[in-house]
Amino acid sequence: MMDDMFKQIAATAVNIGPEVLASHWSPFRRPLDVVKAPALSVDDKRAILAAWASDFYAIDSKPALRHMPGTPEPVSIDEVRSALRELDSRYDI
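Here's a quick rundown of the structure. Keep in mind that what you see is a predicted model, and the values were worked out from it rather than measured. (Residues numbered from 1 in each chain as written. Predicted model: local features only at pLDDT ≥ 70, side-chain atom pairs only at ≥ 80, totals over all residues. Heavy atoms only, no water.)

1. A few points about the nonpolar core
As a rule of thumb, soluble globular proteins bury nonpolar side chains together.
No. 1: By size, the foremost hydrophobic cluster in this structure holds 17 residues, and its most contacted members are F28, V34, L49, W52 and V80.
No. 2: Elements represented by at least two residues in this core include exactly α3 (31–36), α4 (42–53) and α5 (77–90).
No. 3: Among the elements that take part in this core, α5 stands out by supplying 5 residues, more than any other. (Core = buried A, V, L, I, M, F, W, Y, C linked by side-chain atoms within 4.5 Å. Buried < 20%, exposed > 50% of the residue type's maximum accessible area, 1.4 Å probe, protein only. Helix = DSSP H or I, 4+ residues; strand = E, 2+ residues; numbered from the N terminus.)

2. Some details on the packing of aromatic side chains
No. 1: If you walk through the whole model with that rule in mind, you get 1 aromatic pair.
No. 2: Seen from their ring centres, F56 and Y57 are 4.8 Å apart, and the 85 degrees between their planes marks the pair as edge-to-face.
No. 3: You can call F56 partly exposed: its relative accessible area is 45%. (Phe/Tyr/Trp six-rings, centres within 6.5 Å; stacked < 30°, edge-to-face > 60°.)

3. Some details on the pairing of strand β2 (residues 62–66)
No. 1: As defined by bridge partners, strand β1 (residues 58–59) adjoins β2 across 2 bridges and the pair is classed as antiparallel. By the bridge assignment, A58 is partnered in β2 with R66.
No. 2: Two successive antiparallel strands, β1 and β2, enclose a turn made up of 2 residues.
No. 3: Bridge count between β2 and strand β3 (residues 75–76): 2 bridges; the pairing is antiparallel. Residue pairing for β3: L65 is matched across the bridge by S76. (Pairing = 2+ DSSP bridges.)

4. Overview of the packing of α4 against α5
No. 1: Between α4 and α5, the shortest axis-to-axis distance is 10 Å and the interhelical angle comes to 165 degrees. Taken together, the axes of α4 and α5 lie roughly antiparallel to each other. Judged by the twist between their axes, the crossing of α4 over α5 is left-handed. Of the residues in α5, those touching α4 at V42, K45, R46, L49, W52 and A53 are I77, V80, A83, L84, L87 and D88.
No. 2: Considering only residue class, the contact of α4 with α5 consists of 9 nonpolar, no polar and 3 charged. (Axes fitted to C-alpha atoms, helices over the stretch in contact; angles between N-to-C directions. Parallel < 35°, antiparallel > 145°, perpendicular 65-115°, else oblique. Left-handed = near helix turned anticlockwise from the far one by under 90°. Contact = heavy atoms within 4.5 Å. Nonpolar A, V, L, I, M, F, W, Y, C, P; charged D, E, K, R; others polar.)

5. Observations concerning the environment of L49
No. 1: Its place among the elements puts L49 in helix α4.
No. 2: We classify L49 as buried; its relative accessible area is 0%.
No. 3: Placed 32 residues apart in sequence, L49 and R81 show a C-alpha to C-alpha distance of 8.3 Å.
No. 4: With residues near it in sequence (within four places) discarded, L49 still touches P31, V34, V35, V80, A83, L84 and L87.

The structure is reproduced here in structure tokens:
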């Protein structure tokens, strides 16, 4: 069941973009959760992390923070970048 949810989130990220993705975001609490999601392809993980890193989710008064609706708290852009680096490292990209 959770695998299907991850695949749905990835498909939404790729096909629709961050505006609609936000309403489906709840399974991921931190960017590294995306990297660790076994049901997602590398491309899907990258799409989700790229959406999370986007300025669309930047906090107006604190542009270094991103707050994806459905997540418990903002994360720094550095945490998202770190997750992207971890993804690259795990898959030798």
